[in-house]
Amino acid sequence: PQTFYLKDYTPFGFDVESVELTFKLAPTATRVLSRIRFIPQENAASSDFFLHGEELELISAAIDGTPVQVEEVDGGLNCAVPSTPFLWEAEVEINPKGNTALEGLYMSNGMYCTQCEAEGFRKITYYPDRPDVMSTFKVRIEGPEKVLLSNGNPTASGEGWAEWHDPWPKPAYLFALVAGDLINHPDHFTTKSGKDVDLNIWVRPGDEGKCAFGMEALKKSMTWDEEVYGREYDLDIFNIVAVDDFNMGAMENKGLNVFNSSCVLASPETSTDANFERIEAIIAHEYFHNWTGNRITCRDWFQLCLKEGLTVYRDAQFTADMRSEPVKRIEDVIALRARQFPEDQGPLSHPPRPEEFQEINNFYTATVYEKGAEVIGMLKRLVGDADYYKALDLYFDRHDGQACTIEDWLSVFEDATGRDMAQFKRWYSQAGTPKLKVSDNFDAGTYTLTFEQSTAPTPGQDIKDPRVIPIAVGLLNDKGDEIQPTRVLEMTQATQSFAFDGLAAKPVPSILREFSAPVILERDTTNTERTFLFAHDTDPFNRWEAGNALAKETRLAMITAGEAPDSAYLDALIKLVRDDTLDPAFRALVLQAPGQSDLAQTLHARGQVPDPQKIYDASETFTQTLAQALSDSLPRLYAATTVDGPYSPDAEGAGKRALNARILSLLTRLDAGEQAQRQFETADNMTLQYAALACLLKADKGADASASFFDQWQEDRLVMDKWFALQISCAEPEAAARIAKELTTHPLFTLKNPNRFRAVMGALSGHHAGFHQISGAGYTLLADNLIALDALNPQTTARMCAAFQSWPRYDTARQELIKGELQRIATTKGLSRDTNEMVTRILN
Ligand code: B3K
Ligand code: ZN
């Protein structure tokens, strides 16, 4: 397979002045007519006229009205063209119904929809399918469907046809078309300059009652982007469409966002608080792309984090503003450690701006997205809020309408702030998670912190240079008063010291507040000091972090030294959980057990071989001990999580229900599921019903509840995904793979729906001890299903291969089992380029 390199970038030798497309829709034989005006560039580096095209049947091609001979080659066509501006016309035929890869134009439940990012437009017609080629688009759709949508503004329509015009030049990856018998949930929005915008959420009949929350989230996002970034919407209409079969969460096509139905449809009866929060964030994310992604796009796909890191950062700011800032930060750090750290510390490690790929769809990763967002957060911390927004204003001003690079982005910061960004750029070019070792010293009133940074080699990158690391530090005295408010230390050297003068006694340091940089902090400290910070730190993130460190350390001591749960930590935890002055959402996070995969990673980093079953057992024992120690308070705490009045998915109610789930799971360990059964029977919303079902399944008392849940919800695709997943994630480790295997034979299981596939295979690979059973049953089941799915849908298959990425952590027996399965996948006949690249990288 071909490898593409950043260093090989060359511009396309032609400008595209305008694009006109006509779609004659038919399920297995759609005709696409294109009229494209090309202008050869003066002094072009290359005058080769190559158009991308895949799985197209060429019917005709003409230049300036005269039929031309083209040379069809792998991945596209070549053609001899004039050296003056010309009109290219082509007709192709495609088969949307046969498109199970869900890329290009495909059908989902009888409706037509598209997914073009990254390189799907070439499955629709011949075109220079690269993000630096931008043009305006006019689209005519002909078909019997009631609703015919494309990008931009509607210009004309009649019985069986509609026309759209998008006046904003865009790359082809932002093209979209939707056609189907859909129903809309309409609304409108007036922008700050007084422009009225029609808003619609389009859904299949029956789903119209699940649109209101998404619509409110959209309007909040539009207001927020005006207020915080000064960005206004720029078309007369904004459409969102919900689609059941979708490879990822959603897509920011200009004026026509397409959403996985799981990321937009919501109702109290069918969606959990976590679903609501995620929907709000994804609606915001896709909307924010209108400026960071669409108006300013990427020059090439190596620059993907230019739009994704920034847009994730913006949606996190939005969620923090709508809900709780510390809670959002803690949730994001938990997710970063669970998804990005393993990637960065394993065979798939790559920089936020990769320098080579075979299949770009394999680089829509936690590193590009979440670490990309962390990098923006560090930039903001280093330059300060005022200069950050000054740089962003300059970015929008200078680059509107352009396809840009990370260099353009950093130049804006240099020009707005006068700072040199050369060293900071290493965050974009170097892979791996830096380790930050800390030591301290107190002498004659001066407290000195010394930091040492290092990053282990990653694939293709042996040597790492020191990075700029913003380290937010505060100091407390022994009573817990803050004697040094948060100060951001700017580390630039491999080893560097920072002094705090004029102190009466040795302080307690609170380091890396707000998780000010995506690093692994290593410090020889005591549980006594952690317990002190857990009780007193004024930075909510670091207060949680101290508890999290204690939660990890006690489990690790149980695993490696057979110790009992640390009683000082248990006491502190109980005290905090009983403290009604604290936000219930925060208390719920403090009660959340550290991820078992995270514990395995830590053991591995300490030179030990993790045993998944032992990790599981320690976690179970700890929870059981906590439940007993807290038993007197549980009924009162449980009662206090009751929310009066009708369900509302706001942060306050959600916080109480998050605590409800934690308390109920402790109660269930003592009352054999009585309370959970009551909650299951009386719940009037999915959050409470789901939490109760999870507790019952975990206690092995869930058979009846599970059956009645199935009866109640079997017609609801999204709730059924929960039902599939929960049976696996709540199973005993030795049963997880068997249950998952049974579920793959259930009539409602299908390889054709990525949500359903992820519900089952994602739950299996997410069950640490279940997936890693020494029998290898989990590995084999996943590999069997990946091989089966690859023939239909390479993109989703390739993404799920990452479940195997952590194999080097485990014992030789497990390593051999995993490598055997990876080899079996690798040698499958006709394996996709997507999956081949993933298994090859994981094995090397
Ligand atoms: N930009 C899309 C992701 C496209 C993934 C293509 N494999 C969604 C998003 O990040 O908003
Ligand atoms: Zn995005």
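Cut-offs applied
- Residues numbered from 1 in each chain as written.
- Chains lettered and ligands numbered in written order.
- Predicted model: local features only at pLDDT ≥ 70, side-chain atom pairs only at ≥ 80, totals over all residues.
- UniProt positions renumbered as here; feature names shortened; annotations may be inferred.
- Pairing = 2+ DSSP bridges.
- Helix = DSSP H or I, 4+ residues; strand = E, 2+ residues; numbered from the N terminus.
- Axes fitted to C-alpha atoms, helices over the stretch in contact; angles between N-to-C directions.
- Buried ≥ 20, exposed ≤ 12 C-beta atoms within 10 Å, placed from the backbone.
- Contact = placed C-beta atoms within 7 Å.
- Near = placed C-beta within 6 Å.
- Nonpolar A, V, L, I, M, F, W, Y, C, P; charged D, E, K, R; others polar.
- Parallel < 35°, antiparallel > 145°, perpendicular 65-115°, else oblique.
- Left-handed = near helix turned anticlockwise from the far one by under 90°.
- Domains from an automatic or database assignment.

- Per an unreviewed UniProt entry, the protein chain is named Aminopeptidase N, and its organism is Epibacterium ulvae.
- What the UniProt record of the protein chain gives under Cofactor (unreviewed entry) is the line "Zn(2+)".
- Reading the Catalytic activity (unreviewed entry) entry of the UniProt record for the protein chain gives the comment "Release of an N-terminal amino acid, Xaa-|-Yaa- from a peptide, amide or arylamide. Xaa is preferably Ala, but may be most amino acids including Pro (slow action). When a terminal hydrophobic residue is followed by a prolyl residue, the two may be released as an intact Xaa-Pro dipeptide."

1. Here we look at the sheet that holds strand β30 (residues 508-511)
Part 1 of the reasoning: The strand order across the open sheet built from three strands is β28-β27-β30, with neighbouring strands paired in antiparallel fashion. The open sheet has two edge strands, β28 (482-491) and β30, and neither has a second partner. With strand direction ignored, the average angle separating the axes of adjacent strands in the sheet is 25 degrees.
Part 2 of the reasoning: Bridge count for strand β27 (residues 469-476) against β30 is four bridges, and the pairing is antiparallel. In the strand pairing of β30, L476 is matched with V508.

2. As for helix α12 (residues 584-591)
Part 1 of the reasoning: Buried residues dominate α12, accounting for eight of its eight residues.
Part 2 of the reasoning: Along α12, the residues that are buried comprise P584, A585, F586, R587, A588, L589, V590 and L591.
Part 3 of the reasoning: In this fold, the buried residues of α12 make contact with α4 (325-344), α10 (540-561), α11 (567-578) and α16 (651-671).

3. Some points on the UniProt feature "domain: Aminopeptidase N-like N-terminal" (unreviewed entry) in the protein chain
Part 1 of the reasoning: When the UniProt feature table is mapped onto this chain numbering, "domain: Aminopeptidase N-like N-terminal" (unreviewed entry) sits at residues 23-174.
Part 2 of the reasoning: As annotated, residues 23-174 has a helix share of 0% and a strand share of 51%, and its two end C-alpha atoms lie 17 Å apart.

4. Description of the sheet that holds strand β18 (residues 196-203)
Part 1 of the reasoning: With respect to topology, five strands assemble into an open sheet ordered β17-β18-β19-β21-β20, the strand pairing being mixed. Looking at which strands have only one partner, the edges of the open sheet turn out to be β17 (183-190) and β20 (250-251).
Part 2 of the reasoning: Inspection of the sheet shows β20 paired to strand β21 (residues 256-260) by two bridges, in the antiparallel sense. By the bridge assignment for β21, A250 is matched with F259.
Part 3 of the reasoning: Where helix α1 (residues 212-229) meets the sheet, it contacts β17, β18 and β19 (237-243), and its direction lies at approximately 25 degrees from that of β17.

5. Quick notes on the site of ligand 1
Part 1 of the reasoning: As a matter of local geometry, ligand 1 sits amid E117, A118, M248, A250, M251, E252, H285, E286, H289, E308, N361 and Y364.
Part 2 of the reasoning: Those elements that provide at least two residues to the shell around ligand 1 are β20 and α2 (273-288).
Part 3 of the reasoning: By residue class, the composition of the shell around ligand 1 is five nonpolar, three polar and four charged.

6. So, the packing of α4 against α12
Part 1 of the reasoning: Remark: α4 packs on α12, axes separated minimally by 9 Å, with the N-to-C direction vectors making an angle of 20 degrees. On the basis of the axis angle, α4 is roughly parallel to α12. In terms of crossing hand, the pair formed by α4 and α12 is left-handed. Packed against α4, whose contacting residues are P326, V327 and I330, the element α12 presents A585, F586 and L589 at the interface.
Part 2 of the reasoning: Of the residues contributing to the contact of α4 with α12, the split by class is six nonpolar, no polar and no charged.

7. Re the domain arrangement of the protein chain
Accessible area lost upon the coming together of the parts is a frequently used measure of interface size.
Part 1 of the reasoning: One can read the domain layout of the protein chain as domain 1 (1-181), domain 2 (297-429), domain 3 (435-517) and domain 4 (714-844).
Part 2 of the reasoning: One C-alpha centre belongs to domain 1, the other to domain 2, and the line joining them spans 30 Å.
Part 3 of the reasoning: In this assembly, 15 residues from domain 1 lie in contact with 14 residues from domain 2.
Part 4 of the reasoning: Looking at the side of domain 1 that touches domain 2 residue by residue, the classes come out as 10 nonpolar, two polar and three charged.

8. Details of the pairing of strand β3 (residues 30-40)
Part 1 of the reasoning: In this sheet, β3 lies alongside strand β2 (residues 14-24) in antiparallel orientation, the contact comprising 10 bridges. Residue L21 lies in a different strand from β3, and its bridge partner there is S34.
Part 2 of the reasoning: Summarising the sheet, β3 and strand β9 (residues 86-94) pair through nine bridges and their orientation is antiparallel. Its bridge partner being in β9, V32 is matched across the sheet by V92.

9. What to know about helix α13 (residues 596-605)
Part 1 of the reasoning: Listed as buried for α13 are Q596, S597, L599, A600 and Q601.
Part 2 of the reasoning: Summarising the contacts, the buried residues of α13 are in contact with α4, α10, α14 (612-629) and α23 (768-771).
Part 3 of the reasoning: Just beyond α13, the residue with positive phi is G607, at close to 80 degrees.

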